[in-house]
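Each chain is listed here by its residues.
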Amino acid sequence: MTKLWRRFSRRPMPMAGLVLVVAFVLLALIGPLVTGDPAAQDYLATLAPPSGAHPMGTDDLGRDAFARIAHGAQVSLQAGVLSTLLAMVVGIPIGLVAGFYRRWLDPVVMRLVDVTLAFPFLVFAVGLAAIIGPSLKGVVLALGFSQLPAVIRITRGEVLAVREMDYVDAAIADGAGDGHLIFRYVLPNCLNPLIVQATVAIPGAIIGEATLSFLGLGVQPPTPSWGVMLTTAQQYLSDAPWLAIWPGVMIALATLGFNLLGDGLRDVLDPRSAR
Amino acid sequence: MSLLEITNLTVGFDTEDGLVQAVRDISLTLDEGEILALCGESGCGKSVTAMSVPRLLPPDTTRLSGSVKLDGRELTTLPERDMRQVRGKDVSVVFQEPMTSLNPSFTVGYQITEVLRRHERLSRQAAAGRAVELLELVGIPAPRRRMKEYPHQLSGGMRQRVMIAIAVACSPRVLIADEPTTALDVTIQAGVLDVFRDLRDRLGTAIILITHDLGVVADIADRAVVMYAGRAVEQAPVTELFANPRHPYTLGLMNALPSAAVNGRLAEIPGMVPSPLTDPDECAFQDRCPRVQDDCRAARPSLERHADGHLAACFHPGGKR
Amino acid sequence: MLWFILRRCGSAVIVLFLASVLIFLGIRVLPGDPATVMAGEEASPAVVEAIRHEFGLDKPLPAQYLDYVGQTLTGNFGRSTQDQLPVIDIIAERLPVTLELSLLAMLVAIVVGVGAGIAAAVRRGRLADYVATGFGLAGLSVPHFWLGLLGILLFAVTWRILPASGYVPFTQDPAQNLQRMILPALVLGTGFAAILMRQTRSAMLGALSADYVRTARSKGLSEAKVVGAHALRNSLTTVVTVLGLQLGALISGAVVTEQIFVIPGFGKLTVDAVLTRNYPVIQAVVLITVIGYVLVNLLVDIAYAFLNPRIRLSGGTRD
């Protein structure tokens, strides 16, 4: 473990990514406790430019942009983490089953994966929003669903690879059952590529949530989300251009952080994945 | 004047750990129609020496000094554009790995005609015709069909022959063959060596054969240069070399041949090659030499003449075998 | 090669079938009476009944599916609940707009992305490489709709050299059309370009260090030929594969881009339809998107097979 850390900490870019990610998580967890109320409206100070009282200005209803950014971080973090968790919780078992019971279930599962891939993420999210109405829940579901194919493929791949290993034959000869094989051999091997997959999926989820909310298909006002803030920003682009800057910068930084972190983790944990 | 004259060639590479000297002050000559073998173990600098001729070493990190003259023309200072004229036409290379040295996306025919059309103003048809002749020359059956095939459709031996065909397409003066038989089955090796012999006889091509296989050296080479740790330690016509190896390393190599095995045990040379980062003024082979004495640690032996054309760098060379 | 194409086509058909079933069921999963849902909330009972009959909603489910397939194949997607216009007409009007936007964006992405990737690989470790890699990372991280907003802020509001929004059909006024398309196409193409750049760079680096490149150099070929023919040719398969994989992103991106720049395209149609619960339109839009997506992936697979002689000749098995 420490060896991995040493290899990782030598590279500047992934370390920068780690810093950004930690900052983002801190903002999401602690920020809302520290800043003001994101819903407090002040009709006397609508569309105010950045100042001491409002470091990032206020929006059309006089709400403090800084507070909304901090709360928005929480929403983004939720979207990123929950969707990835969902994909793992659903996808790992499916991948395991597909890999273990190759003859019956594998073709079926792979066909389903193909169908899933046939729906570009946004289209699926749109469809889902149409059915259950726009909400954060819907966003998480749609994001999780779009990550499923990757998780399933990775898990299934590990199962197949492990099955070929000689030590598995030895274990089976000793009477190891499927469960033992899964927990002892397959899952530990999956850990690394799945971690890498998570660091790739989370930034995608953050942007996805922002996009959907921007379109009005995700988080609904008054809940602050970086995407929703940008919708407002667009409306008042000529009057209050500063509103457009911070939400985008925050999204970019959070995403950049995960991307850099992911690149570094991939080099250290899973060098064989081709990118 | 020889066809190829390498004089005091020194080649080093800039690496993270410092300057790695791969070749140290090597001099050798090659005449027309001669097959010269460069032998030694991995890392002794034989490939680097040979690749200095067409200058196929990484441009950014290579530090080269000395002289390489082809037909009296200095190659080390040629501008890159002129060097490109030399490559493929005057000097060409057959590489070690036939599997990966051919581009998988182009047909065999394309890869041969490519070099023909680069150096000789041939029309596509003329080039194709010549390519078929070349395939015949290197002994590939059904050459016309092969032209349209892709590398992955050919066996290892055939791929190597295609590489040879590409290398001799423009009738080069010097052909460099880098371990041409190492990646092949023993049965195919003989065929490839026959091709080389044939080329030398028919076209008068001079060949530099890089190999660590003394069996190949005995089979086909006229002269041999034994290299160790970037230096030439012994040079001789092949028959003389095998009859009277002077340098302990050469002797060690010959004893390590399976044919020299005693009681079914292969003799090995104990120890390891010294680090290429340092270059102390002493004999590089001392740690592994059965004849080592004090003066071997005090200075570096230089090449001395022992007989006609036979040079060896040792303070205590062996006598007749 | 033929077998390969046939097998991929077969795969595609199966996927389309499954997708259509999903879409078909999607509508019927909604709470309430499908006929009312499809007729829209303001429709009178008579209209609802007419819809019920027209769409055979009183028939058993499998029969309905067959009707659905039949109708789809004849282009009957029902009527929009907004204005009762035939959905097929609406789509025919909007689709070319999005296609134009997507094509322009792809063009930008390929020229910039692949170009930058090659430059970065050839000049590895030098300035061009760092610049390109930085651009690649930025392009991946920046949400491109934000980029759109910034673009508008910069080019339309501050400098006033490009219009902020709107669309003029190509047939009406090519110059105006292109002028309005520049910013959206650039914005949409950037993210895609970043991904292409990274993939191209890594594929080219691999190719440039391959043995066959050394062989090409030993033939005395010009550097342009070595890079452009030998190395690039072997990187194309990666590029093409990435193109296919990223198409989903492109489509999603088009939706957002159209929203920002107020372009009356397919994407905007989708968003509007969802927000107004215009189910016939939603259903049709999703189906068409999926069909398009599957088709393009099929084309990408065929292109890949064409580029890779091993598959082309053996009619290959891919996984």
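Student: Before we move on, can you summarise the overall build of chain B with the specific residues and values?
Tutor: Secondary structure summary: chain B contains 12 helices and 12 strands in total. With respect to the three principal axes, the spread of C-alpha positions in chain B is 65 × 50 × 40 Å. Taking all 321 residues of chain B together, the buried fraction comes to 52%. Counting every atom, chain B has about 14100 Å² of accessible surface; 50% of that belongs to carbon and sulfur. The centroid of the 36 positive side-chain charges in chain B is displaced by 6 Å from the centroid of its 41 negative side-chain charges.

Student: Explain the confidence of the model for chain C residue by residue, including any values.
Tutor: All names here are of chain C. With 90% of its residues at a pLDDT of at least 70, chain C reaches an overall mean of 80. Confidence, read as mean pLDDT per element, is least for helix α2 (residues 34-39) in chain C (64) and greatest for helix α9 (residues 211-218) (91). Overall fold confidence (pTM) sits at 0.77, and the ipTM for the predicted complex is 0.83.

Student: Can you explain the pairing of strand β6 (residues 91-94) of chain B? Please cite residues and give values.
Tutor: Residue and element names in this part refer to chain B. Covered by surrounding structure in β6 are V91 and V93 together with S92 and V94, the residues of both alternating faces. Of the pairings in the sheet, the one linking β6 to strand β7 (residues 174-178) comprises four bridges and is parallel in character. The residue of β7 that forms the bridge with S92 is L175.

Student: Got a sec to walk through empty space enclosed by the protein? Specific residues and values, please.
Tutor: For the coordinates displayed, the defined rule picks out seven cavities of 30 Å³ or more. Empty space within the second largest cavity amounts to approximately 70 Å³. Along the walls of the second largest cavity sit G88, S92, V93, V115, M163, I166 and A167 of chain B together with T215, S218 and K219 of chain C, which together make up its complete lining. Class assignment for the residues of the lining of the second largest cavity results in five nonpolar, four polar and one charged.

Student: Before we move on, can you summarise the pairing of strand β8 (residues 206-211) of chain B with the specific residues and values?
Tutor: Along a regular strand, successive side chains alternate from one face of the sheet to the other. All names here are of chain B. With six of six residues buried, β8 is to be regarded as a mostly interior element. Burial along β8 is two-sided: the face carrying A206, I208 and I210 and the face carrying I207, L209 and T211 are both buried. Where strand β3 (residues 35-39) meets β8, five bridges bridge the pair, whose relative direction is parallel. By the bridge assignment for β8, L38 is matched with I210. Sheet topology places β7 next to β8; five bridges connect them, and they run parallel. Across the sheet, L175 pairs through a bridge with I207, a residue of β8. Crossover handedness for the path β7 to helix α8 (residues 186-203) to β8: right-handed.

Student: Account for unusual backbone geometry, with residues named and values stated.
Tutor: Even without a glycine there, the phi angle at S171 of chain B is positive, about 50°. Topologically, S171 of chain B is positioned in the loop between α7 (156-168) and β7. Despite not being glycine, V262 of chain C has its phi angle at roughly 50°, a positive value. Topologically, V262 of chain C is positioned in the loop between α10 (223-261) and α11 (266-275).

Student: Can you explain the packing of aromatic side chains? Please cite residues and give values.
Tutor: Here the structure, examined in full by the defined rule, presents seven aromatic pairs over all chains. Seen in terms of ring centroids, F106 of chain B and Y110 of chain B are 4.7 Å apart; in terms of plane orientation they differ by 40°. Their pairing is tilted. Overall, the relative accessible area of 11% leaves F106 of chain B in the buried class. Feature note: the residues F24, W226 and F258 of chain A constitute an aromatic cluster, connected by ring pairs.

Reading the values: rules and limits
- Residues numbered from 1 in each chain as written.
- Chains lettered and ligands numbered in written order.
- Predicted model: local features only at pLDDT ≥ 70, side-chain atom pairs only at ≥ 80, totals over all residues.
- Heavy atoms only, no water.
- Helix = DSSP H or I, 4+ residues; strand = E, 2+ residues; numbered from the N terminus.
- Buried < 20%, exposed > 50% of the residue type's maximum accessible area, 1.4 Å probe, protein only.
- Areas by Shrake-Rupley, 256 points an atom, 1.4 Å probe, with all protein chains shown as cover.
- Lys, Arg positive; Asp, Glu negative; His and termini not counted.
- Charge placed at Lys NZ, Arg CZ, Asp CG, Glu CD.
- pLDDT = per-residue confidence, 0-100.
- Pairing = 2+ DSSP bridges.
- 1 Å grid on protein atoms, 1.4 Å probe; cavity = no way out; pocket = protein on both sides within 12 Å on 5 of 7 lines; lining within 4 Å.
- Points joined across faces, edges and corners; volume = space filled by probe spheres on them.
- Nonpolar A, V, L, I, M, F, W, Y, C, P; charged D, E, K, R; others polar.
- Right-handed = clockwise from strand over helix to strand, strands pointing away.
- Phe/Tyr/Trp six-rings, centres within 6.5 Å; stacked < 30°, edge-to-face > 60°.

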